[in-house]
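These are the residues of each chain, in order.
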Amino acid sequence: MSRLAILCGGGQLPVALCAAHPDALRIGLEGVDHDVVGPVEIHSIEKLGGLFEALKSQGVTRLVMAGGLGRPALNPANFDAGMMAIAPRLLPALQDGDDALLRLVIAIFEEQGIAVVGAHELLEGLCAQEGLIAGPEPSAQALTDASKAADILLALSPLDLGQGAVVAAGLCLGIETLQGTDALLRFVSETPEALRRDKGVFLKAPKRGQDLRVDMPAIGPNTVYAAAKAGVAGIVLSANRVMILERDKTLAALQETGLFLLGRVI
């Protein structure tokens, strides 16, 4: 018996995965909201030993982590034996960036004989393709700004920060950090006009060497509206390495706002 489990976080990606794989075991974590309709087994991250036992007893050999999971607060007094064994590695990693933490989480599941797979391996057409996806052709300046934004993110990759940047006329208006894409675009929207020489672009790309099975960058319709409010001319995505969630709604938002969406090899 070989079964897929979907670890459901917030957002629409877990919903889409559950619809595409109705026989998968749906699991969630205490304190983490999700939008999945139907039965979801809830487990405590403080009792990882119990979670592993439950997965194995139901024949799970593959697991996909989908949606926002955050970093739930942990109380060592509640740890089961399995979590106690993992805690010396896991607790220090909680102080690191997302990439380092998620690499450890992958290793822990795979030590239990459960392969971690990416959502893009389970949903066809999820990632941005190369080329113009929607909207008008970007200007030469927009392409230059996208290249600089990519250089910024690649240079910051060793620091394990964010996955997005906004550049306008060669000037960096913002970099995504722990607060996420919405906070970045809100910050950019508050930039005084006197500091802007052009609309600029928002670029989304994974960090260098990032494991794309978990935390692959993604955009959706709300990202488009936030980018429009931030005043950028368009959005550039790392081709085949960034997900477009709710694609139909995202394309409709692009048409409504007039922004371009471009997939580019980075």
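Residues numbered from 1 in each chain as written. Predicted model: local features only at pLDDT ≥ 70, side-chain atom pairs only at ≥ 80, totals over all residues. Heavy atoms only, no water.

Engineer: Which residues make up the sheet that holds strand 5 (residues 115-117), and what values go with them?
Structural biologist: The parallel open sheet is built from 5 strands, whose spatial order is 3-2-1-4-5. Either end of the sheet is taken by a strand with one partner, and the two such strands are strand 3 (41-43) and strand 5. Adjacent strand axes in the sheet meet at a mean angle of 30 degrees when their direction is disregarded. Sheet analysis places strand 2 (residues 25-29) next to strand 3, joined by 3 bridges and oriented parallel. From the neighbouring strand, Gly-28 faces strand 3, where its bridge partner is Ile-42. (Pairing = 2+ DSSP bridges. Helix = DSSP H or I, 4+ residues; strand = E, 2+ residues; numbered from the N terminus. Axes fitted to C-alpha atoms, helices over the stretch in contact; angles between N-to-C directions.)

Engineer: Give a description of the sheet that holds strand 11 (residues 234-238) that names residues and reports values.
Structural biologist: Either a parallel or an antiparallel arrangement is found when strands of a sheet pair, and the pairing is made through backbone hydrogen bonds. In space, the 6 strands of this open sheet follow the order 6-13-11-9-7-8, with mixed pairing throughout. A strand with exactly one partner marks an edge of an open sheet, and here the two such strands are strand 6 (131-134) and strand 8 (171-175). For this sheet, the mean angle separating the axes of adjacent strands, direction not counted, is 25 degrees.

Engineer: Describe the nonpolar core, naming the residues involved and giving the relevant values.
Structural biologist: One finds Ile-27, Leu-48, Leu-55, Leu-63, Met-65, Leu-90 and Phe-109 to be the most contacted residues of the largest nonpolar core, which totals 29 residues. Breaking this core down by element, the ones donating at least two residues are strand 1 (3-8), strand 2, helix 2 (48-57), strand 4 (60-66), helix 3 (81-93) and helix 4 (98-111). At 7 residues, the largest contribution of residues to this core is made by helix 4. Ignoring sequence-local partners within four residues, the contact set of Leu-63 consists of Leu-4, Ala-5, Ile-27, Leu-55, Phe-109, Ile-114, Ala-115, Val-116 and Val-117. Counting 23 residues, the second-largest nonpolar core is a separate cluster that includes Leu-184, Ala-230, Ala-253 and Leu-254. (Core = buried A, V, L, I, M, F, W, Y, C linked by side-chain atoms within 4.5 Å. Buried < 20%, exposed > 50% of the residue type's maximum accessible area, 1.4 Å probe, protein only. Contact = heavy atoms within 4.5 Å.)

Taken by themselves, the reported measurements are silent on function.
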